[in-house]
Amino acid sequence: MTVKVLIPTPLQKFTNDEASVSLEAGSVDELLLAMETRYPGIRARLCDEKGTLRRFLNVYVNSEDIRFLNDQQPQSTPLQDGDQVSIVPAVAGG
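Residues numbered from 1 in each chain as written. Predicted model: local features only at pLDDT ≥ 70, side-chain atom pairs only at ≥ 80, totals over all residues. Heavy atoms only, no water.

Undergrad: When you look at the sheet that holds strand 1 (residues 2-6) in this model, what are you seeing that I'm missing?
TA: Backbone-to-backbone hydrogen bonds join strands into a sheet, with any given pair of strands oriented parallel or antiparallel. One open sheet accounts for 5 strands, arranged 2-1-5-3-4; its pairing is mixed. At either end of the open sheet lies a strand with only one pairing partner, and these are strand 2 (20-24) and strand 4 (64-65). Two strands pair when backbone bridges link them, and strand 3 (residues 57-61) and strand 4 are joined in this way by 2 bridges, in the antiparallel orientation. By the bridge assignment, Val-61 is partnered in strand 4 with Glu-64. Relative to strand 2, helix 1 (residues 28-38) is tilted by about 115°, and along the sheet it contacts strand 1, strand 2, strand 3 and strand 5 (84-89). (Pairing = 2+ DSSP bridges. Helix = DSSP H or I, 4+ residues; strand = E, 2+ residues; numbered from the N terminus. Contact = heavy atoms within 4.5 Å. Axes fitted to C-alpha atoms, helices over the stretch in contact; angles between N-to-C directions.)

Written as structure tokens, this is what we have:
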């Protein structure tokens, strides 16, 4: 299944300055592996040493936070052909 991934500006240096990419993946986990295959080193920016998405990143599938779509295992969230995945770094401030 082909999904479109929106890449945040700070990570575009790892995707050859591409703001969006299309990849084949059936789940968020598969998508992370596909991103690493195409852009070696990007997974280390997205995941910790255990392979879990970093806490300061929010991932959305079609505008839905994966933590709410699949609260037990968000990275196992299934993807459908044509889905749009957004990677959004958390913003803090006051």
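Undergrad: So what exactly am I meant to see when it comes to the nonpolar core here?
TA: Across soluble globular proteins, nonpolar side chains have a tendency to be buried as a group. Core analysis: the largest hydrophobic core is formed by 24 residues, its most contacted members being Val-5, Leu-31, Met-35, Leu-46 and Leu-79. Those elements that place two or more of their residues in this core are strand 1, strand 2, helix 1, helix 2 (42-46), strand 3 and strand 5. A per-element tally of this core places helix 1 first, with 5 residues. If we skip the residues at most four places from it in the chain, Met-35 touches Val-5, Ile-7, Leu-23, Ile-42, Leu-46 and Ile-87. (Core = buried A, V, L, I, M, F, W, Y, C linked by side-chain atoms within 4.5 Å. Buried < 20%, exposed > 50% of the residue type's maximum accessible area, 1.4 Å probe, protein only.)

Geometry only, nothing functional implied.
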